[in-house]
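# Analysis of the macromolecular model
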Amino acid sequence: MEKNNLELGKKIKRFRLINDIRQEDMAETLQVSRATLINYEKGHTAISLDLLNRLKSYYPDFKLDDNEDNRPKIISDGIIDFKIVFNILFKKKNYLILTTFLFAVFGGSSSFLFKKYYKAEISLYPAKNEINQGLGQFQSLVANFGMNSSSNDQNFNITDVAKSRLIAEKAIKQEWGMVDGKNITLIDLWKMKNKSGMSLINKKDINPLIIQEQAIRKFHDHIDVNENNISGLIKISSTFQDPHISAGIANFIGEQVEKYIQKENSAQSKKEKIFISERLSIVKGELDVAEMKLKDFKKRNRGYEDSPELNMISSRLEREVEAKKGVYLTLQQQLELARIEEVKKSPILHVLDYASAPINNSSPNRVIFVIISAFVGFIFSCSRAIFTNDR
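Before going into details, it helps to say that this report is about the structure given with it.

## Section: the packing of aromatic side chains
For the structure shown, the criterion picks out six aromatic pairs. Note on phenylalanine 103 and phenylalanine 380: the rings are 5.7 Å apart at their centroids and 35 degrees apart in plane angle, and the pair reads as tilted. Of this pair, phenylalanine 103 sits in helix α6 (residues 93-110) while phenylalanine 380 sits in helix α15 (residues 366-388), and the two are 277 residues apart along the sequence. Seen in terms of ring centroids, phenylalanine 114 and phenylalanine 369 are 5.3 Å apart; in terms of plane orientation they differ by 55 degrees. Their pairing is tilted. Of this pair, phenylalanine 114 sits in the loop between α6 and β3 (118-126) while phenylalanine 369 sits in helix α15, and the two are 255 residues apart along the sequence. Relative accessible area serves as the criterion here: at 23%, phenylalanine 369 is assigned to the partly exposed category.

Below you can see the structure in the form of structure tokens.
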């Protein structure tokens, strides 16, 4: 008898849960107390025939002979019945809405626990093409005189330059202005000396090189470089906890990249110019010697045209002078081209937009927190509603 009461109580409870009926509402409908309904569901109290009739009268969908095998199943023969799933979720819609809302509130509130970061960005644009166009007419004039202008353009990977160790070392050693007016280094900002795990007693044993290496790696994590392969536009962004530091570092990197590329791009032309100048001086001396020999020969041998042997010596000396002249003129032309190349390669980049201190933080994004938390809450509530349906 007790077993029958327990089975019948389970059926009443299952029917109530599936249809999202509160115990208070069902107890009031059946004209019993909530405690009595709980005892019915647990099988502690025998259920009278009068109560069963009222249950069937008020809840026509309730079937006394319903059992586990005849209940609609979500998965039957390996196929999911989405209609049953939708019906269950629709009946539990209030629970789904409440749970999703609570998760969204929790996610939005938890975003306040994360540190704020501010992102500043500087935009650079290559100016070399504009300079080449300005020198186009001059280069055409050079070509008309039989001189070939060199095209030793050097291509730089801006990402590698911006994230180079050279710039990182300069940045971490420099002091940066904060919103409150104080100046601080990045190592002090990140409190890296305090995070070494060492006590105050052995702080003197901290290796500054290790801290510097850690700071460089962390610095690179806060820097992002994007280069548009079509337009050539370069954007360098920095993300730090202080907006003034973010803007200062972004502008600093842009300035360092511009200086580095300008310096390296003109270095080859300077080397060529120095080499050609040295060669020009040597060839000038050789040309002077050759001309002096020819002059002395003609003074000593005024009737050399009548002597085949002297005429041959004169021709040889003249050829030597002409050869030295040709080399000297060529070197002069190359020296002018080296000077042109040096001007043509500077400047390389134009700053379109300097980085300014951002007003709003870039992270954490509370909208994203709320959306993700609400989505997780919705998935959780749907899963729980479906699985609790089989109890």
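## Some thoughts on the sheet that holds strand β7 (residues 234-240)
On the basis of which strands lie adjacent, the open sheet formed by four strands has the order β6-β7-β3-β8 and antiparallel pairing. The sheet is open, and its two borders are formed by β6 (223-227) and β8 (349-353), each paired with just one other strand. For this sheet the average axis-to-axis angle between neighbouring strands, irrespective of direction, equals 25 degrees. When β3 meets β8, the two strands line up antiparallel, connected through four bridges. In the sheet register, serine 123 faces β8, and the bridge partner there is aspartate 353.

## Side note on the nonpolar core
Counting residues in hydrophobic clusters, the biggest one holds 37 residues, and the most contacted among them are Leu186, Phe219, Ile236, Ile245, Ile249, Ile253 and Val257. Counting residues per element, the ones that place at least two in this core are β3, α9 (158-162), α10 (165-173), α11 (186-189), α12 (208-221), β6, β7 and α13 (243-300). For this core, the element with the highest residue contribution is α13, accounting for eight residues. When sequence neighbours within four positions are dropped, the list of residues in contact with leucine 186 reads Ala171, Ile172, Trp176, Phe219, Phe240, Ile245 and Ile249.

Procedures and definitions
Residues numbered from 1 in each chain as written. Predicted model: local features only at pLDDT ≥ 70, side-chain atom pairs only at ≥ 80, totals over all residues. Heavy atoms only, no water. Phe/Tyr/Trp six-rings, centres within 6.5 Å; stacked < 30°, edge-to-face > 60°. Helix = DSSP H or I, 4+ residues; strand = E, 2+ residues; numbered from the N terminus. Buried < 20%, exposed > 50% of the residue type's maximum accessible area, 1.4 Å probe, protein only. Pairing = 2+ DSSP bridges. Axes fitted to C-alpha atoms, helices over the stretch in contact; angles between N-to-C directions. Core = buried A, V, L, I, M, F, W, Y, C linked by side-chain atoms within 4.5 Å. Contact = heavy atoms within 4.5 Å.

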